[in-house]
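As a plain string of letters, each chain reads:
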Amino acid sequence: MQLELPKRFVEQLHATLPSSEVHPLLESLQEVSPVSIRLNRSKGIDPSSFEEGMLGDAIPHCGDGFLLHSRPSFTADPAFHAGAYYVQEANSMIVGELVKRLITQFDPGAVVLDLCASPGGKSTHIASQLRPGDLLVANEVISGRTGTLIENLCKWGQGNHVVTSADAKLLGELRGLFQIVVADMPCSGEGMFRKNPDSVQEWSADNVVLCSSRQQRIAHDIWPSLAEGGIMIYSTCTYNREENEDNINHIVETMGAEIMEFDFPESLGIFELEPGKYRMLPHKTLGEGFFFTLLRKTEKTRLSLPKAAKMKPVKQLPSFLGNTFMGYELQDGLMVVRSGDWLDYYPNLPALLPSVKQTGVNAGLMNKNQWKIHPEYDLLANKTVDYPTIPLTIDQALDYYKRAFLPIPGQPKGVVGLRWNGLSVGTANAVNHGLNNLWPMHWRILQSQMQANTLLREK
């Protein structure tokens, strides 16, 4: 079906891009949007883990990213729920790769903010790129969307994150805290037209102006939170100048930001209208429309954090947690986040952050003198396991994610870890006749008749 683009949008493209780029771009918008995934190597997943012919082209700018030849039912794949891979738009993967390059400029213990984080594509990617002593603050201002963000970060399994739901202005009061701020701005979404044709009907020139103004406000509000020498990665998934080059020029002029320029290989297809303002266009790359710029803060910034009540870390953690975590007791269990150099600089940081929704992952709770391991802990990529584990078939693994009772008797009584195809699946409570399911109710698969299928080669 031909995508009918607004006349004003097409005129805008002609006014923005060189004429040699407009026609190829318009043609590409009539093509089927590609499907891409990013592999979780920390869980032992690499290209050889997949069935032959399942993966398509490698994403040139992301070593863990690949196209798929077609879109499968990801919900039917236990590997998807276990965090073996993440379904992410290809060009947005550039953000995590930029963090990988930039993080080495800062001392260990860097704190990175993903300002507009849900559903979690960039956050999970950033979490994989941080060093052991660094911390990710993943923020989503719309509180109702933080549940999906928490779920995806927990399944990805790094455990080095805090999830918040705060306006940029509140986070901006944490003056000088963040070494890197990833600001993937809410935008008019022109770059998603072929992926989400309904967004074409929502587009208007007035909405472009509204989005541009909102982006300027967000940038101004969050800028104080950057440390001196810190870097903001500003990005949008849109084509117009107002939300892209013009906004960057405004930020540079009003906030004293310095544009950082990179020499990207020509093979990546990254395109510049102005120096340091990068566009990824669908006829030049394997993904959708994407814009990004790196802005360094040059003004002197003194760290200034508000006072907050002291959080009381649990001093005596269960032995299986080792010494790599810091724990906080909650009514429904023990939350743990990977400790590190950030803790030396900001020992009370989770209490200083506004509107915290979750710190790290739920490790479980003590129940009748037995530690009840939470599935979030079992999904961690690197962990100590001192509880029994049992193998599942692919059908049993999918039934687990439907939150079904698993009639697998003969197991040692108590909490067990479930394993399928070399992946941690979650935890269950073994009783006489099988396994009581501990998978979080709000994460369960609702389609009860779905048949299991996987992208992975079964071992």
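The following paragraphs examine the structure supplied in this document. (Residues numbered from 1 in each chain as written. Predicted model: local features only at pLDDT ≥ 70, side-chain atom pairs only at ≥ 80, totals over all residues. Heavy atoms only, no water.)

Turning to the layout of surface pockets, a few remarks are in order. Its volume calculated, the largest pocket comes out at about 1,200 Å³. The dominant element in the lining of the largest pocket, judged by the number of residues it contributes, is helix H9 (residues 205-222), at four residues. Its residues placed into classes, the lining of the largest pocket shows 22 nonpolar, 13 polar and 13 charged. (1 Å grid on protein atoms, 1.4 Å probe; cavity = no way out; pocket = protein on both sides within 12 Å on 5 of 7 lines; lining within 4 Å. Points joined across faces, edges and corners; volume = space filled by probe spheres on them. Helix = DSSP H or I, 4+ residues; strand = E, 2+ residues; numbered from the N terminus. Nonpolar A, V, L, I, M, F, W, Y, C, P; charged D, E, K, R; others polar.)

Looking now at a negative patch on the surface. The grouping of Glu51, Glu52, Asp395 and Glu458 at the surface amounts to a negative patch. Residue placement: aspartate 395 occurs in helix H14 (residues 394-401). Of the residues examined, aspartate 395 reaches a relative accessible area of 43% and is grouped as partly exposed. (Patch = residues over 30% accessible without salt bridge, like charges linked within 9 Å, V, L, I, M, F, W, Y side chains within 5 Å. Areas by Shrake-Rupley, 256 points an atom, 1.4 Å probe, with all protein chains shown as cover. Salt bridge = Lys/Arg side-chain N within 4 Å of Asp/Glu carboxyl O. Lys, Arg positive; Asp, Glu negative; His and termini not counted. Charge placed at Lys NZ, Arg CZ, Asp CG, Glu CD. Buried < 20%, exposed > 50% of the residue type's maximum accessible area, 1.4 Å probe, protein only.)

Counting buried positions along strand S1 (residues 35-39) gives five out of five residues, so the element sits mostly inside the fold. Side-chain alternation along S1 places Val35, Ile37 and Leu39 on one buried face and Ser36 and Arg38 on a second face that is also buried. Sheet analysis places S1 next to strand S3 (residues 65-68), joined by four bridges and oriented antiparallel. Its bridge partner lying in S3, valine 35 is registered against leucine 68. (Pairing = 2+ DSSP bridges.)

It is worth spelling out helix H1 (residues 7-16) at this point. Within H1 the residues assigned to the buried category are Phe9, Gln12, Leu13 and Thr16. End-on, the buried residues of H1 take up no more than an arc of 100 degrees, which puts them together on one face. Counted as exposed and oriented over 90 degrees from the buried face of H1: Lys7 and Ala15. Structurally, H1 contributes buried residues whose contacts are with helix H2 (19-28), H9, strand S11 (270-274) and strand S12 (277-280). (Arc of directions from axis to C-beta. Contact = heavy atoms within 4.5 Å.)

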